[in-house]
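Chain and residue survey
Each chain, written out:
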Amino acid sequence: MGQPVNLGIVGCGAISAQYLQTIDRLPQVNLVAVADLDLDRAREAVRPYAGVEVLSVPDLMADARIDTVLNLTIPAAHAEIALQAIAAGKHVYCEKPLAATGADARRVLDAAAEAGVRVGCAPDTVLGTGTQTARVAIDDGLIGRPVAATATMLTPGHERWHPNPDFYYVPGGGPLLDMGPYYISSLVTLLGPVATVIGAAGRTRAKRTIGKGPRQGEEIPVLVDTHVTGVLVHESGALSTLVMSFDAVATKAPNIEVHGELGSLVVPDPNHFDGTVLLTRLGEKDAAPLPVSAGYEEAGRGVGLIDFAFGREPRAGGTLGIHVLDIMESLLASAKSGRSVDVGSTCERPAPVALGNSAAAG
Ligand SMILES: NC(=O)c1ccc[n+]([C@@H]2O[C@H](COP(=O)([O-])OP(=O)(O)OC[C@H]3O[C@@H](n4cnc5c(N)ncnc54)[C@H](O)[C@@H]3O)[C@@H](O)[C@H]2O)c1
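All residue numbers here refer to positions counted from 1 along the written sequence of the relevant chain. The predicted nature of this model means local features are confined to residues of pLDDT at least 70 and side-chain atom pairs, given and counted, to a pLDDT of 80 or more, with totals for whole chains, interfaces and linings taken over all residues. Only hydrogens and water are removed before side-chain values are computed, so all heavy atoms of the structure are retained for them.

**Comments concerning the layout of surface pockets**
Heads up, the rule is: Residues are called lining when one of their atoms sits within 4 Å of a cavity or pocket point, these points coming from a 1 Å grid over the protein atoms alone, where a cavity is a set in which a 1.4 Å probe fits but cannot get out and a pocket is an open set with protein on both sides within 12 Å along at least five of seven lines. Grid points are joined across faces, edges and corners, and a volume is the space filled by probe spheres set on the points. Put simply, DSSP H or I for four residues or longer makes a helix, DSSP E for two residues or longer makes a strand, and each gets a number counted from the N terminus. Put simply, Ala, Val, Leu, Ile, Met, Phe, Trp, Tyr, Cys and Pro go in the nonpolar bin, Asp, Glu, Lys and Arg in the charged bin, and everything else, Gly too, in the polar bin.
Size it by volume and the largest pocket reaches roughly 940 Å³. The wall of the largest pocket is formed by 37 residues, among which A14, L72, T73, I74 and F167 lie closest to the centre. Those elements giving two or more residues to the lining of the largest pocket turn out to be helix 4 (75-87) and helix 7 (174-191). If you tally residues by element for the lining of the largest pocket, the top one is helix 4, at five residues. Looking at the lining of the largest pocket, its residues break down into 18 nonpolar, 11 polar and eight charged. Its boundaries defined by the atoms lining it, the second largest pocket holds a volume of some 300 Å³. The wall of the second largest pocket is formed by 18 residues, among which R203, L223, V224, D225 and L332 lie closest to the centre. When residues of the lining of the second largest pocket are traced back to their parent elements, those giving at least two are helix 7 and helix 9 (318-337). Per-element tally for the lining of the second largest pocket: the top contributor is helix 9, with five residues.

**Brief notes about empty space enclosed by the protein**
Applying the stated criterion across every chain, the model contains one cavity of 30 Å³ or more. Taken as a whole, the largest cavity encloses approximately 70 Å³ of empty space. What lines the largest cavity is a set of 13 residues, and nearest its centre among them are C121, A122, S185, G321 and V324. Listed by contribution, the elements that provide at least two residues to the lining of the largest cavity are helix 7 and helix 9. Ranked by residues supplied to the lining of the largest cavity, first place goes to helix 9 with five residues. A class-by-class count of the residues in the lining of the largest cavity yields 10 nonpolar, three polar and no charged.

**Observations regarding the pairing of strand 15 (residues 278-281)**
Each regular strand displays side chains that alternate between the two surfaces of the sheet. The condition that has to hold: Should DSSP find at least two bridges between two strands, the strands are taken to pair.
Note that strand 14 (residues 263-267) and strand 15 share four bridges and pair antiparallel. Bridge pairing links S264 to T280 in strand 15. Bridge count between strand 15 and strand 16 (residues 288-289): two bridges; the pairing is antiparallel. Paired with L279 across the strands is A288, a residue of strand 16. Connecting the antiparallel pair strand 15 and strand 16 is a turn made up of six residues, with G283 showing a positive phi of about 95°.

**Digging into the nonpolar core**
Which entries qualify depends on this criterion: We define the nonpolar core as a collection of buried residues of types Ala, Val, Leu, Ile, Met, Phe, Trp, Tyr and Cys that are connected through side-chain atoms lying within 4.5 Å of one another. Residue exposure (1.4 Å probe, protein chains only): buried if accessible area is under 20% of the type maximum, exposed if over 50%, otherwise partly exposed. Any two residues having at least one pair of non-hydrogen atoms within 4.5 Å are treated as being in contact.
Counting 73 residues, the largest nonpolar core has I184, L232, L242, V258 and L265 as its most contacted members. Residues within four places of I184 in sequence aside, it is in contact with L176, L232, L242, V324, I327 and M328. Grouped together as the second largest cluster of nonpolar side chains are 31 residues, Y19, Y49, I306 and A309 included.

**Notes on the site of the ligand**
Where we set the bar: Being near a molecule or strand, for a residue, comes down to having at least one heavy atom within 4 Å of it. What qualifies as a polar contact is a pair of N or O atoms within 3.5 Å, subject to a donor-acceptor requirement within protein and to the restriction that residues adjacent in sequence count only when both atoms come from side chains. Computed with the Shrake-Rupley method and a 1.4 Å probe, the accessible areas treat only the protein chains shown as cover for residues.
Taken together, 27 residues are adjacent to the ligand, and A14, I15, D36, R41 and H162 come closest. A distance of 2.6 Å is found between an oxygen atom of the ligand and a side-chain nitrogen or oxygen belonging to R41. H162 places a side-chain nitrogen or oxygen 2.9 Å from an oxygen atom of the ligand. Coverage of the ligand by the protein amounts to 89% of the 830 Å² it exposes when considered alone.

**Considerations on the pattern of salt bridges**
Quick note on the threshold: In the sections that follow, a salt bridge refers to a side-chain nitrogen of Lys or Arg positioned within 4 Å of a carboxyl oxygen of Asp or Glu.
By the definition in use, this model includes 20 salt bridges. Residue R203 pairs with D225 through a salt bridge whose shortest N-O separation is 3.2 Å. Taken together, the residues span a long stretch of sequence, with R203 in the loop between strand 8 (194-202) and strand 9 (207-209) and D225 in the loop between strand 10 (219-221) and strand 11 (227-234) at a distance of 22 residues. Judged by relative accessible area, R203 falls into the partly exposed class, the value being 44%. Overall, the relative accessible area of 26% leaves D225 in the partly exposed class. Residue D247 pairs with R208 through a salt bridge whose shortest N-O separation is 2.7 Å. One end of the pair, D247, is in the loop between strand 12 (239-245) and strand 13 (256-260); the other, R208, is in strand 9, with 39 residues separating them in the sequence. Under the relative-accessibility criterion, D247 is labelled partly exposed at 21%.

**Some details on the environment of G174**
Checked against the element boundaries, G174 lands in helix 7. The exposure class of G174 is buried, given its relative accessible area of 2%. Separated by 52 residues in sequence, G174 and T226 place their C-alpha atoms 5.7 Å apart. Other than its neighbours up to four places away in sequence, G174 contacts Y168, M179, V224, D225 and F246.

Take a look at the structure:
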């Protein structure tokens, strides 16, 4: 067992409940305190968890008991909060995207390298059994040489359920920056880094209407493209076709398929930790489920913090996070220019995750 992470959370909005549940049952993580611009929201979030303090952001950053900051603020605040944590000598694990822009994300990674602290980045869903079992299948040669993948995420938009959906429709949001990290992190885990992209994008409406909560009926402006498609050319030569949309009602397409010379895989939703991987071998008619063979079982948002407890480079890490952000920014730049764009960064495929219960993982 390593040293438990002594954690402070900044940002106690919609997603914090999932993290708090996971952290509560992970012996590798000890939650010390939470903070939010809205202290009442922070108090409400930790009401079920005895002994967790509620602090202002500066007090949390200054707290010597805390060695790692979990940044669950909105994308526009990710870099600012991460830089504050790094300046205080703390490791930081950030919700996706790593920052609202690649330039901001680079500032975060540079500051962390200088301070000698580690940066992690969501999504950690790809450390679960779904994506990890698919990865083992590819690495074991079950589909032969991988040649292509498809990744499809189509919804009518999060304003139908999120009480404060503004951030989904400003730079740093949109279907690509919001949901792309799940799909692209999974594609890089499965097929390796991306060298070049070709993109196209559209926007259906200038305004969206909030569907739920105290602001129901309020219109919010749309400042980003809401349907983004493109091709990712992996360094291996494999081609992934991506469709990310807040403009479509429904789809029956699998979230991710990976095609090789000898077989095709259906990969489960990368926004979830588990799910069944299906394999169709060349010459066979039907897809068969693969046994679960790798990844964190009983996982939830926050398992990416486990690597911090063991002092190792987080597999849900900053280098992957910035590569994913570069891919997304390159896609949008390509959509704008009508030309292919070289991705400015690369990364190693993150190390695989052995099969095991997340609460017992070392
Ligand atoms: N909502 C989801 O289902 C979901 C799922 C996965 C990931 N995420 C990601 O999690 C992050 C947060 O999303 P959310 O839905 O919880 O948003 P939210 O708006 O519900 O919550 C964000 C919280 O951060 C606080 N905050 C903002 N700026 C701050 C600052 N400078 N200092 C301190 N607190 C600050 C806000 O007061 C708010 O309480 C985003 O990056 C989002 O992409 C959300």
